[in-house]
Amino acid sequence: MTTSSSERGVSLGMPQLPAPAYPDDVRARLETDAREIIARYPDSRSALLPLLHLVQSEEGHVTRTGMRFCADVLGLTTAEVTAVATFYTMYRRRPSGDYQVGVCTNTLCAVMGGDAIFEALQDHLGVGNGETTDDGKVTLEHIECNAACDFAPVVMVNWEFFDNQTVQSAKSLVDDLRTGRTVSPTRGAPLCTFKETARILAGFPDEREGAVDAGGSAGPASLVGLRLAKGETTPARVVHPRDGGPHGAPQDRAVHDPSPTEHLSSHDAPQDTSASDPAHPAGPTAEEGE
């Protein structure tokens, strides 16, 4: 005796219909951009990653229509394109916000307050990991290390750095994003929307005035090791422990007084991370610029 699929609790369903095509005017515009991208590579298949950024810049995420477009212009199957689009987390598979707010929860950022920041933002915004606020402004996610451990805990908005964050500063950041206030990254280019960021990642120039000059270089704390490797010397910095005591610090060591423009790291002046370390409430040993 045999049983039907329905009796076994298996639903075969209807096969998924082919993805709809872009409107003619959109496809023509994207084809022009795609030709420019493909021309950069000796093998057209190598253009798939920037092309996925291109279609992501159109709708804010990689749709089935976008993957069909990539497959058509590169002579690939949609399965080949889907395999790549689903492998990399930088490609969104569902609608997302104008601002991707990522909280680093890797080891150092986590212990410096990243876990507390991520938990607080979930409560503050009323969303979970990978979810978007009702107004479509902010998508919250925890992210892997972005090589800014010197400035932990780090929050990124559309891949721009916001260093040395606290629970309160992170809440203020997302509130400003949602209300349209101007927000400036700690380092790097001025902030733009996720769609605009995706187009830049596709390889097209950022034409905003001053954006390229702003750069995204490492901060002073990240370059100490490089300077030492080059044989350069810098005045020693004495930073007192969290309890304020000198703990036997040599009295004859020069104390480096940072200039008002110097970007300290959270290790130079520990930030308030008491939410993640309630037994040792922390406060900056000095305000930046003092």
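Residues numbered from 1 in each chain as written. Predicted model: local features only at pLDDT ≥ 70, side-chain atom pairs only at ≥ 80, totals over all residues. Heavy atoms only, no water.

## Considerations on the environment of Ala19
- Mapped onto the secondary structure, Ala19 falls in the segment before helix 1 (24-38).
- In this structure Ala19 comes out as buried when scored by relative accessible area, which is 9%.
- Put simply, Ala19 and Arg64 are 45 residues apart on the chain and 5.5 Å apart in space, counted from C-alpha to C-alpha. (Helix = DSSP H or I, 4+ residues; strand = E, 2+ residues; numbered from the N terminus. Buried < 20%, exposed > 50% of the residue type's maximum accessible area, 1.4 Å probe, protein only.)

## Quick look at helix 2 (residues 48-59)
- The end-to-end C-alpha separation of helix 2 is 17 Å, in line with the 16 Å expected for twelve residues at 1.5 Å each.
- Here helix 2 lies mainly inside the structure; nine of its twelve residues are buried.
- Regarding helix 2, the residues found buried are Leu48, Pro50, Leu51, Leu52, His53, Leu54, Val55, Gln56 and Ser57.
- Residues of helix 2 that are buried sit in contact with helix 1, helix 3 (64-74), helix 4 (78-85) and helix 7 (194-201).
- Among the residues trailing helix 2, Gly60 stands out with phi positive, at a value near 85°. (Expected span 1.5 Å × (residues − 1). Contact = heavy atoms within 4.5 Å.)

## Some points on the packing of helix 1 against helix 3
- With their axes 11 Å apart at the nearest point, helix 1 and helix 3 run at an angle of 55° to one another. Classified by the angle between their axes, helix 1 and helix 3 sit oblique to one another. The two elements helix 1 and helix 3 meet at a crossing, and its hand is right-handed. Along its contact with helix 1, which presents Arg27, Leu30, Glu31, Ala34 and Ile38, the element helix 3 presents Phe69, Asp72, Val73 and Leu74. (Axes fitted to C-alpha atoms, helices over the stretch in contact; angles between N-to-C directions. Parallel < 35°, antiparallel > 145°, perpendicular 65-115°, else oblique. Left-handed = near helix turned anticlockwise from the far one by under 90°.)

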